[in-house]
Amino acid sequence: GAVVSQHPSWVICKSGTSVKIECRSLDFQATTMFWYRQFPKQSLMLMATSNEGSKATYEQGVEKDKFLINHASLTLSTLTVTSAHPEDSSFYICSAPLSGGSSGDTQYFGPGTRLTVL
Amino acid sequence: EDQVTQSPEALRLQEGESSSLNCSYTVSGLRGLFWYRQDPGKGPEFLFTLYSAGEEKEKERLKATLTKKESFLHITAPKPEDSATYLCAVTFAGTYKYIFGTGTRLKVLA
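Residues numbered from 1 in each chain as written. Chains lettered and ligands numbered in written order. Predicted model: local features only at pLDDT ≥ 70, side-chain atom pairs only at ≥ 80, totals over all residues. Heavy atoms only, no water.

Peer 1: I tried to follow the environment of B:Ser7 on my own but got confused; where do I start?
Peer 2: All names here are of chain B. You can see serine 7 is positioned in strand 1 (residues 3-7). A relative accessible area of 32% places serine 7 in the partly exposed class. Residues serine 7 and cysteine 23 lie 16 residues apart in sequence; the distance between their C-alpha atoms is 6.6 Å. Dropping the residues within four chain positions of it, serine 7 is found in contact with Leu21, Asn22 and Thr104. (Helix = DSSP H or I, 4+ residues; strand = E, 2+ residues; numbered from the N terminus. Buried < 20%, exposed > 50% of the residue type's maximum accessible area, 1.4 Å probe, protein only. Contact = heavy atoms within 4.5 Å.)

Peer 1: Help me out: how do you make sense of the sheet that holds strand 6 (residues 56-59) of chain B in this one?
Peer 2: The pairing of strands in a sheet happens through backbone hydrogen bonds and is either parallel or antiparallel. Residue and element names in this part refer to chain B. The five strands are arranged 1-3-8-7-6 in an open sheet whose pairing can be described as antiparallel. In this open sheet, the two edge strands, each paired with only one partner strand, are strand 1 and strand 6. Between one strand axis and the next, the sheet turns through 15 degrees on average, direction left out of account. (Pairing = 2+ DSSP bridges. Axes fitted to C-alpha atoms, helices over the stretch in contact; angles between N-to-C directions.)

Peer 1: Mind showing me how you'd approach the pairing of strand 4 (residues 30-38) of chain B here?
Peer 2: Along a regular strand, successive side chains alternate from one face of the sheet to the other. Residue and element names in this part refer to chain B. Within strand 4, eight of the nine residues are buried, which leaves the element mostly enclosed by the surrounding structure. The pairing of strand 4 with strand 9 (residues 84-92) spans eight bridges and is antiparallel. Considered in strand 9, the bridge of phenylalanine 34 is made with alanine 89. Sheet analysis places strand 4 next to strand 5 (residues 45-50), joined by five bridges and oriented antiparallel. Residue tryptophan 35 lies in a different strand from strand 5, and its bridge partner there is phenylalanine 48. The hairpin formed by strand 4 and strand 5 contains six residues between the paired strands, and glycine 41 there has a positive phi angle of roughly 75 degrees.

Peer 1: Sorry if this is basic, but what is going on with the state of the cysteines here?
Peer 2: Formally, a disulfide is one covalent bond, and it connects the sulfur atom of one cysteine to the sulfur atom of another. Residues and elements named next belong to chain A. Evaluated as defined, the whole model comprises two disulfides over all chains. Disulfide pairing is shown between cysteine 23 and cysteine 94; the S-S distance is 2.0 Å. Because the torsion about its S-S bond is 80 degrees, the bridge between cysteine 23 and cysteine 94 counts as right-handed. Remark: cysteine 94 occurs in strand 9 (residues 90-97) and cysteine 23 occurs in strand 3 (residues 19-25); sequence separation between them is 71 residues. (Disulfide = S-S within 2.5 Å.)

Peer 1: Which parts of the structure should I look at to understand the pattern of salt bridges?
Peer 2: Residue and element names in this part refer to chain B. One pass over the full model with this rule turns up seven salt bridges over all chains. Arginine 61 serves as the salt-bridge partner of aspartate 82, at 2.9 Å between the closest nitrogen and oxygen. Taken together, the positions of aspartate 82 in the loop between strand 8 (70-75) and strand 9 and arginine 61 in the loop between strand 6 and strand 7 (62-66) put the pair 21 residues apart, joining distant regions of the chain. Residue classification places aspartate 82 among the buried residues on the basis of a relative accessible area of 7%. (Salt bridge = Lys/Arg side-chain N within 4 Å of Asp/Glu carboxyl O.)

So, in structure tokens, the structure goes:
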């Protein structure tokens, strides 16, 4: 099956610091990856679409200067939370579609990263 | 407005007590409907993809069906290990983005 990994699985940082989260597709290439945020007992909220070789596309209301996305290769996308504040504490999850991201593609999700900002 | 609604919000079953979860949608030009299972503190785990009305898929105790307006996830003789949140999502014509439902939290009691 399609496997997506994330690193780290959890991170605690101080307010004002930056944190980088990695998302890797382990057994397939992903030209597109998605980054989601999930609050307790809520569903997933799409933050941005990461595109290999081009700029990420951010959803309305998501600060692109705060959540930096880099799709470095066909198997790696990174999300950097810059100048993190306690309100950025959340569960961040990435996903990758198996077939390039066209409508109807199944997305495979990573295990998530729990970010806690003190 | 494109929407996905899941019901019930929460469900408690006794072990062996079969039931169904519902995912209704109001989107134009459905391209795919997806079911996932999510355990606490983990990412969603893929279960099924359905593309057209009348389609059915099965995996162990789970069976997913699709009509033109809704999908059902049938759970037959559930076990405590089936306890999780079940999420459905859809994509529609012109976009690859998922629209998620709010999920059904299932608890199966031994």
